[in-house]
Amino acid sequence: MISFPHLIVPLVSLILFIVFLFKWYGNPSSTARKRLPPSPPKLPIIGNLHQLGQLPHRSLQALSKCYGPLMLLHLGRLPVLVVSSADGAHEIMKNQDVVFSNRPKLRVIDKIIYGSKDMAFAPYGEYWRQVRSICVLQLLSNKRVQSFRRVREEEMSLMIEKIRHSSSSSINLSNILVSLTNDIICRVALGRKYIAAQESTKIVSKLKEFQELLVTFNPGDYIPWLDWINRVNDFNANVEKMARWFDDFFEGVVEEHRNRKKRETNLKDSSNEADLVDILLEIQRENMAGSPIENDTIKAVIFDIFVAGTDTSSTALVWTMAELLKHPKSMEKLQNEVRQVAGSKLDVTEDDLDKMLYLKAVMKESLRLHPPLPLLLPRESTQDSKILGYDIAVKTRVIINSCAIARDPLLWESPEDFCPERFLDTGMDFRGLNFEYIPFGAGRRGCPGITFAIAVAELALAKLMLNFNFGLPHGATEKDLDMTESPGDTVSKKIPLLVNVRKNNKY
Ligand code: HEM
């Protein structure tokens, strides 16, 4: 006969099991009751991390073909919603934009950009609103962008001269375009170019290191108990070192501005050429932002503009030139348009760009096929919500695959082909109203630098087309042109673009 003491253990286990079941089914937030988006099978501990690959936008696009336009991945312990359809993007960035306007806290960014005091990574809330409104109204407004027209035109002329006087007929166009965007941003944001060889190389190489740190795989970000790895493999120490370097650099820039004879920074007059640090210091001095601006905010905002503005713009230009070299008929059509608009003036200025409809279509098509930030910037939900019938829990990270959307065969005819003509007779634009085409994102967190970026890209393209005839290096055919993408948040062309260049003798 079984005695009572022997029954205690099974009895207690049974009671615990019933309590567990009761809690499980009784809890409205239990996943059993929820309708979750489909998920690819995951491995223990790492979840779906192994499926991201070197080029996550491509791997996620392939996965979405099997699991649908809304997928729930698990990167370690992190739930991540991946959106690959225009409908999904519309729901998140328009209908429920408020719920999805937060950014996740990223530790490297937090350490380097003053506790995420910048605009791109500040959590959604009052502070971000204040900083964004300074940027949108004071730093990146149409009028302000217009006020830097002279800087753009001077730097473009220098670029043309550099190519014209290059000793070889074959040039590295990638390097030239990186210098162009870098020099423009330096002058606009920091007030001067960093031209001393060691200065400029240092900045470019530090920015590159920063980009590399951002995409370095950090197990502790996804699997908290593996956090110790960063302490022993020097990762944390490297991040600290980089944070100090950037702080010294930006502190120096701000000091330089404070020390030099006070400029007349009349904010109401955007025609003067105050640089962005001048403007931020003026807002700080006059306490124009409603609440005081700290020095760290100034440095963080300048950091943002510097990082967000250089790499993306040069990447977009390099891809555009690569596509044109691959499609000589499009290049010829573009050259004809630009040269016809230039006419007897033998030059093009920003005033001519509105007449160049094909040039605008080329830029749009290039940004469709090669959005420099294909996964935009990550978002995070701030409450439980429903997207296209699926339940999405609070604190889910959200990745919008703009590249997959822009190549969706349900939305685009021959989506893999480079065909600028598709943009000629449509009003479709990249300003965040057409969700099938969002290279600059959309909604509250959409890119505030569109006007700035397009002003540089269109003029640079027009000047190049006017002044030179480009071809592939000797013996290479269009098929040989390598279009491999490089890993990173900004997806640039992996192999630098080498081109053969002949002067257009008329100019
Ligand atoms: C071709 C060039 C550019 C591309 C493709 C681009 C693309 C983007 C994208 C996709 C986002 C994220 C949007 C989202 O999460 O919905 C973004 C955000 C941002 N961009 Fe750009 N961008 C470019 C140039 C610029 C320039 C020139 C600047 C400044 C001078 C700039 C400043 C920013 C900032 C500050 C944010 C963060 C906005 C926020 O979170 O509130 N970008 N950009």
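Thresholds, definitions, all that
Residues numbered from 1 in each chain as written. Predicted model: local features only at pLDDT ≥ 70, side-chain atom pairs only at ≥ 80, totals over all residues. Helix = DSSP H or I, 4+ residues; strand = E, 2+ residues; numbered from the N terminus. Contact = placed C-beta atoms within 7 Å. UniProt positions renumbered as here; feature names shortened; annotations may be inferred. Pairing = 2+ DSSP bridges. Axes fitted to C-alpha atoms, helices over the stretch in contact; angles between N-to-C directions. Near = placed C-beta within 6 Å. Nonpolar A, V, L, I, M, F, W, Y, C, P; charged D, E, K, R; others polar. Parallel < 35°, antiparallel > 145°, perpendicular 65-115°, else oblique. Left-handed = near helix turned anticlockwise from the far one by under 90°. Core = buried A, V, L, I, M, F, W, Y, C linked by C-beta atoms within 7 Å. Buried ≥ 20, exposed ≤ 12 C-beta atoms within 10 Å, placed from the backbone. Arc of directions from axis to C-beta. Expected span 1.5 Å × (residues − 1). pLDDT = per-residue confidence, 0-100.

J.: If you had to explain the overall build of the protein to someone new, which residues and values would you point to?
T.: Across its full length, the protein carries 18 helices and nine strands. In the protein, the share of contacts with a sequence separation of at least 24, taken over all contacts with a separation of at least 6, comes to 73%.

J.: Could you give an account of the UniProt feature "binding site: heme" (unreviewed entry) in the protein, naming the residues involved and the relevant values?
T.: The UniProt record marks Cys447 with the feature "binding site: heme" (unreviewed entry), using the residue numbering of this structure. Relative to the helices and strands, Cys447 is located in the loop between helix H17 (402-406) and helix H18 (450-467). Setting aside anything within four residues of it in sequence, one finds Cys447 in contact with Phe440 and Gly441.

J.: Account for the sheet that holds strand E9 (residues 498-503), with residues named and values stated.
T.: Ordered by their spatial adjacency, three strands build an open sheet running E3-E9-E8, and the pairing between neighbours is antiparallel. Strands with a single pairing partner mark the edges of an open sheet, and in this sheet they are strand E3 (170-172) and strand E8 (468-471). For this sheet, the mean inter-axis angle between neighbouring strands, taken without regard to orientation, is 45°. Looking at chain direction, E8 and E9 are connected through four bridges and run antiparallel. Bridge pairing links Phe470 to Val501 in E9. Across the sheet, helix H8 (residues 173-190) touches E3 and E9, and the angle it forms with E3 is around 45°.

J.: How would you explain the sheet that holds strand E2 (residues 78-83) if you had to name every residue and give the values?
T.: With mixed pairing, the four strands of this open sheet are ordered in space as E1-E2-E7-E4. Two strands lie at the open edges of the sheet, namely strand E1 (70-75) and strand E4 (379-380), each paired on one side alone. Note: E2 against strand E7 (residues 397-400), four bridges, orientation parallel. Bridge pairing in E7 links Val80 to Arg397.

J.: Got a sec to walk through the site of the ligand? Specific residues and values, please.
T.: The environment of the ligand is made up of 26 residues, and the closest members are Ala308, Gly309, Gly441, Cys447 and Gly449. Among the elements of the structure, helix H14 (295-326) and H18 are those that each provide at least two residues to the shell around the ligand. No other element matches H14, which puts seven residues into the shell around the ligand. Of the residues in the shell around the ligand, the class split is 17 nonpolar, six polar and three charged.

J.: Explain the packing of helix H7 (residues 149-164) against H8 to me, using residue names and the numbers behind them.
T.: As a packed pair, H7 and H8 sit with axes 10 Å apart at the nearest point and diverge in direction by 155°. As summarised for this structure, H7 and H8 are arranged roughly antiparallel, according to the angle between their axes. Every pair of crossing elements has a handedness; the one defined by H7 and H8 is right-handed. Residues Val151, Arg152, Glu155, Met159, Lys162 and Ile163 of H7 touch H8, and the partners they reach there are Ile176, Leu180, Asp183, Ile184, Arg187 and Val188. Each residue belonging to the contact of H7 with H8 can be placed in one class, and the counts come to seven nonpolar, no polar and five charged.

J.: Kindly report on the nonpolar core, identifying the contributing residues and their values.
T.: Judged by nonpolar contacts, the single largest core of 122 residues is most densely connected at Ala189 and Ile302. A per-element tally of this core places H14 first, with 17 residues. Not counting residues up to four positions away in its chain, the partners in contact with Ala189 are Asp275, Leu276, Val277, Ile302, Ile305 and Phe306.

J.: Please set out the pairing of E7 residue by residue, giving values where relevant.
T.: For E4 and E7, the ladder comprises two bridges, and the chain directions are antiparallel. Across the sheet, residue Arg379 finds its bridge partner in E7, namely Val398.

J.: Pulling in residues and values, what's your account of the pairing of E2?
T.: In terms of strand pairing, E1 meets E2 through six bridges, oriented antiparallel. If you follow Leu72 over to E2, its bridge partner there is Leu81. Between E1 and E2, which pair antiparallel one after the other, the connecting turn spans two residues, and Gly76 there sits at a positive phi close to 60°.

J.: Can you break down helix H13 (residues 276-286) residue by residue, with the values?
T.: All of the buried residues in H13 are Leu276, Val277, Leu280 and Leu281. Burial along H13 is one-sided: seen end-on, the buried residues are contained in an arc of 135°. The exposed set on the far side of H13, more than 90 degrees from its buried face, consists of Arg285 and Glu286. In this fold, the buried residues of H13 make contact with helix H5 (126-139), H8, helix H12 (235-259) and H14.

J.: Could you give an account of H7, naming the residues involved and the relevant values?
T.: If you check H7, its first and last C-alpha atoms are 22 Å apart, about what 16 residues at 1.5 Å a residue would give, namely 22 Å. Elements that come into contact with the buried residues of H7 comprise H8 and H18.

J.: Account for the confidence of the model for the protein, with residues named and values stated.
T.: For the protein, the mean per-residue pLDDT works out to 90, and 89% of the residues sit at or above 70. Below pLDDT 50 for its whole length, residues 19-29 participates in five contacts with residues either more than four positions away or in separate chains.

J.: Can you explain the packing of helix H15 (residues 328-342) against H18? Please cite residues and give values.
T.: Remark: H15 packs on H18, axes separated minimally by 9 Å, with the N-to-C direction vectors making an angle of 90°. One element, H15, and the other, H18, form an angle in the roughly perpendicular class. Packed against H15, whose contacting residues are Leu334, Gln335, Val338, Arg339 and Ala342, the element H18 presents Ala462, Met465 and Leu466 at the interface.

J.: Can you explain unusual backbone geometry? Please cite residues and give values.
T.: The backbone of Tyr114 shows a phi angle near 50°, a positive value even though the residue is not glycine. Positionally, Tyr114 belongs in the loop between helix H4 (107-112) and H5. Residue Tyr114 is classed as buried on the basis of its 22 C-beta neighbours within 10 Å. Not every positive phi belongs to a glycine, and Lys395 is a case in point at roughly 70°. Tracing the chain through its elements places Lys395 in the loop between strand E6 (390-392) and E7. For Lys395, a count of 14 C-beta atoms within 10 Å translates into the label partly exposed.

J.: Break down the environment of Val145 for me, citing the residues and quoting the values.
T.: Within the fold, Val145 resides in helix H6 (residues 142-147). Spatially, the C-alpha atom of Val145 lies 9.4 Å from that of Gly449, the residues being 304 residues apart in sequence. Excluding residues that lie within four positions of it along the chain, Val145 makes contacts with Leu140, Thr451, Phe452 and Ala455.

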